[in-house]
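So you can see what is in the structure, the chains are spelled out below.
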Amino acid sequence: MTVEAFMEACNAYYYGTRDPFGAEGDFTTAPEISQMFGEMVGAALADCWKRAASPADAVYVEPGPGRGTLAADALRVLRSAGFTGEVHFVETSPVLRQAQAAAVPDARWHETIDTLPSSPMLLVANEFLDALPIQQFVHGTERRIGLLAAGLAFERDGDIVEISPIREQVVRDIASRLKDNGGVALFIDYGHARSGRGDTLQAVRGHRFSPVLADPGEQDLTSHVDFEAVQRAARDAGAAVTPIVPQGEWLQSLGIERRAQALARSNPDRAEDVQQALNRLIVVDHMGELFKVVAIHAPGWPVPVGFA
Ligand code: SAH
């Protein structure tokens with residue numbers, strides 16, 4: 001089978017059968033590190049919504065919401081800014097839908113973005129695009145995985161070029177909805193700002209890298225997001241696109257350090273934890289630099305803060 005079919009089958013099973021997050025699980029995402037992450041997302045979306053004249057029919061949308069932690073934190077900020085809109089999650093995993101229902105009881109669920117309402121959207125996707133399948137090419141031929149006596153093996157090695165038609169289609173669909181109905185979308189993920197060559201397919205299990213073909217469906221398979229391709233797809237579909245900004249810079253320009261100080265002041269016994277979480281989110285050799293943020297928005301909507 002192709003790398004794309006392998007990744008699709010493995011991840012559908014992996015996410016469909018477990019909650020993989022946190023110290024006991026396989027990996028920890030930014031919203032699971034600290035409430036500050038979701039709060040900054042909420043602040044960025046609330047600011048955009050207000051500057052777009054606070055449309056009453058706007059909805060909060062999150063593809064791949066994990067445990068629903070990011071949504072709960074972002075919605076606390078959005079609600080206090082006066083946002084009363086519906087919450088729509090795009091999630092295929094029944095296990096994670098259950099966790100999301102506990103975190104955000106009034107949410108509605110979709111299998112794909114096709115069934116989202118035709119309303120202005122305040123959308124955020126954190127570590128969603130990296131889980132969508134990629135194709136790999138070696139010297140122009142699509143790379144496949146075969147079953148040998150010794151187990152699964154790549155049928156071809158060499159210089160690798162990756163593309164993700166599925167990811168680009170998702171971005172185009174979101175961009176075209178933004179163009180037609182208004183709104184803004186934030187994509188946060190690890191990846192590179194320029195399209196390039198190289199094999200970025202990786203497996204993570206128990207907070208460690210693992211061989212990609214080991215134990216299919218029992219480990220998290222992801223690839224680095226080609227943000228340049230994301231920008232191109234969004235532009236092609238008629239949305240406006242911001243520059244790509246490292247996560248650390250973005251969170252700092254939204255005021256995460258002030259938020260950390262306030263949290264530490266009101267919970268002095270947790271001050272050290274707050275500082276540690278802040279470092280993991282913004283420091284360059286943690287998530288500050290490898291993780292990137294790009295926004296796409298309706299041409300008539302304001303440019304979100306943090307991308308100057
Ligand atoms: N955003 C969350 C979770 C990231 S993990 C966080 O930051 O913690 C990836 C999420 O995307 C999971 O919720 C997973 O179930 C979901 N997902 C993966 N592939 C998907 C697909 N094709 N359609 C919808 N959701 C998907």
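What counts as what
- Residues numbered from 1 in each chain as written.
- Predicted model: local features only at pLDDT ≥ 70, side-chain atom pairs only at ≥ 80, totals over all residues.
- Heavy atoms only, no water.
- Helix = DSSP H or I, 4+ residues; strand = E, 2+ residues; numbered from the N terminus.
- Rg over C-alpha atoms; globule rule 2.2 N^0.38 Å.
- Buried < 20%, exposed > 50% of the residue type's maximum accessible area, 1.4 Å probe, protein only.
- Contact = heavy atoms within 4.5 Å.
- Areas by Shrake-Rupley, 256 points an atom, 1.4 Å probe, with all protein chains shown as cover.
- Pairing = 2+ DSSP bridges.
- Near = heavy atom within 4 Å.
- Polar contact = N/O pair within 3.5 Å; in protein donor to acceptor, adjacent residues only side chain to side chain.
- Nonpolar A, V, L, I, M, F, W, Y, C, P; charged D, E, K, R; others polar.
- Axes fitted to C-alpha atoms, helices over the stretch in contact; angles between N-to-C directions.
- Parallel < 35°, antiparallel > 145°, perpendicular 65-115°, else oblique.
- Left-handed = near helix turned anticlockwise from the far one by under 90°.
- Salt bridge = Lys/Arg side-chain N within 4 Å of Asp/Glu carboxyl O.
- Lys, Arg positive; Asp, Glu negative; His and termini not counted.
- Phe/Tyr/Trp six-rings, centres within 6.5 Å; stacked < 30°, edge-to-face > 60°.

A short note on the overall build of the chain
- Looking only at helices and strands, the chain features 11 helices and 17 strands.
- A globule of 308 residues ought to have a C-alpha radius of gyration of about 19 Å, and the chain, at 19 Å, matches this closely.
- With the principal axes as the frame, the chain shows a C-alpha extent of 60 × 50 × 35 Å.
- Here the chain holds 308 residues, and 54% of them are scored as buried.
- Restricting to contacts in the chain with at least 6 residues of sequence separation, those with at least 24 account for 76%.
- When the accessible surface of the chain is split by element, carbon and sulfur atoms take 51% of a total near 13,300 Å².

What about the sheet that holds strand S6 (residues 141-142)?
- Judged by pairing direction, the sheet is antiparallel, and its three strands sit side by side in the order S6-S5-S9 without closing on themselves. Lying at the two open borders of the sheet, with one neighbouring strand each, are S6 and strand S9 (160-163).

Here we look at the site of the ligand
- Near the ligand you find 16 residues, and of these Thr-29, Gly-64, Gly-66, Glu-91 and Asn-126 are the closest.
- Between Gly-64 and the ligand, the recorded distance is 2.7 Å, taken from a backbone N or O atom to a nitrogen atom.
- In this structure, Gly-66 approaches the ligand through a main-chain N or O atom, which is 3.1 Å from an oxygen atom.
- The fraction of the free accessible surface of the ligand (570 Å²) that becomes covered by protein chains is 90%.
- Along the lines of polarity and charge, the residues of the shell around the ligand split into eight nonpolar, six polar and two charged.

Overview of the packing of helix H3 (residues 35-51) against helix H9 (residues 256-266)
- Across the interface, H3 lies against H9 with an axial gap of 10 Å and an inter-helix angle of 130°. Classed by the angle they form, the pair H3 and H9 counts as oblique. In this structure, H3 crosses over H9, and the sense of that crossing is right-handed. For the pair H3 and H9, contact is made by Gln-35, Met-36, Glu-39 and Met-40 and by Ile-256, Arg-259, Ala-260 and Leu-263, respectively.
- Along the lines of polarity and charge, the residues of the contact of H3 with H9 split into five nonpolar, one polar and two charged.

Quick notes on the environment of Ala-107
- Tracing the chain through its elements places Ala-107 in the loop between helix H5 (94-103) and strand S3 (108-110).
- Remark: the alpha-carbon pair of Ala-107 and Arg-97, spanning 10 residues in sequence, is separated by 9.9 Å.
- If we skip the residues at most four places from it in the chain, Ala-107 touches Val-87 and Phe-89.

Details of the sheet that holds strand S12 (residues 208-210)
- An order of S12-S11-S13 is seen for the three strands of this open sheet, with the pairing classed as antiparallel. Each edge of the sheet is formed by a strand with only one pairing partner; in this case those strands are S12 and strand S13 (220-222). Averaged over all neighbouring strand pairs, the angle between strand axes comes to 40°, with direction disregarded.
- In this structure, strand S11 (residues 202-205) lies alongside S13, joined through three bridges in antiparallel fashion. Considered in S13, the bridge of Ala-203 is made with Leu-221.

As for the pattern of salt bridges
- Under the definition given, this model contains 14 salt bridges.
- Three or more residues are tied together by salt bridges with common partners; here these are Glu-39, Asp-73, Arg-76 and Arg-259.

Let's talk about the side chain of Glu-91
- Note on placement: Glu-91 falls in the loop between strand S2 (87-90) and H5.
- Among buried charged residues, Glu-91 stands out as having no salt bridge; its nearest opposite-charge side chain is Arg-97, 6.3 Å away.
- Dropping the residues within four chain positions of it, Glu-91 is found in contact with Gly-64, Pro-65, Gly-66, Leu-96, Arg-97, Gln-100, Trp-109, His-110 and Glu-111.

Observations regarding the packing of aromatic side chains
- Per the counting criterion, the structure on display carries six aromatic pairs.
- When the ring of Phe-21 is compared with that of Phe-27, the centres are 5.3 Å apart and the planes differ by 75°; the resulting orientation is edge-to-face. Phe-27 carries the same exposure label as Phe-21, and that label is buried.
- Ring centres of Trp-250 and Phe-307 lie 6.3 Å apart, and the angle between their planes is 45°; on these two criteria the pair is classed as tilted. Of this pair, Trp-250 sits in helix H8 (residues 247-253) while Phe-307 is found in the segment after strand S17 (291-297), placing the two residues 57 residues apart along the sequence.
- Taking relative accessible area as the criterion, Trp-250 reaches 0% and is therefore assigned buried.
- Since its relative accessible area comes to 5%, Phe-307 is described here as buried.

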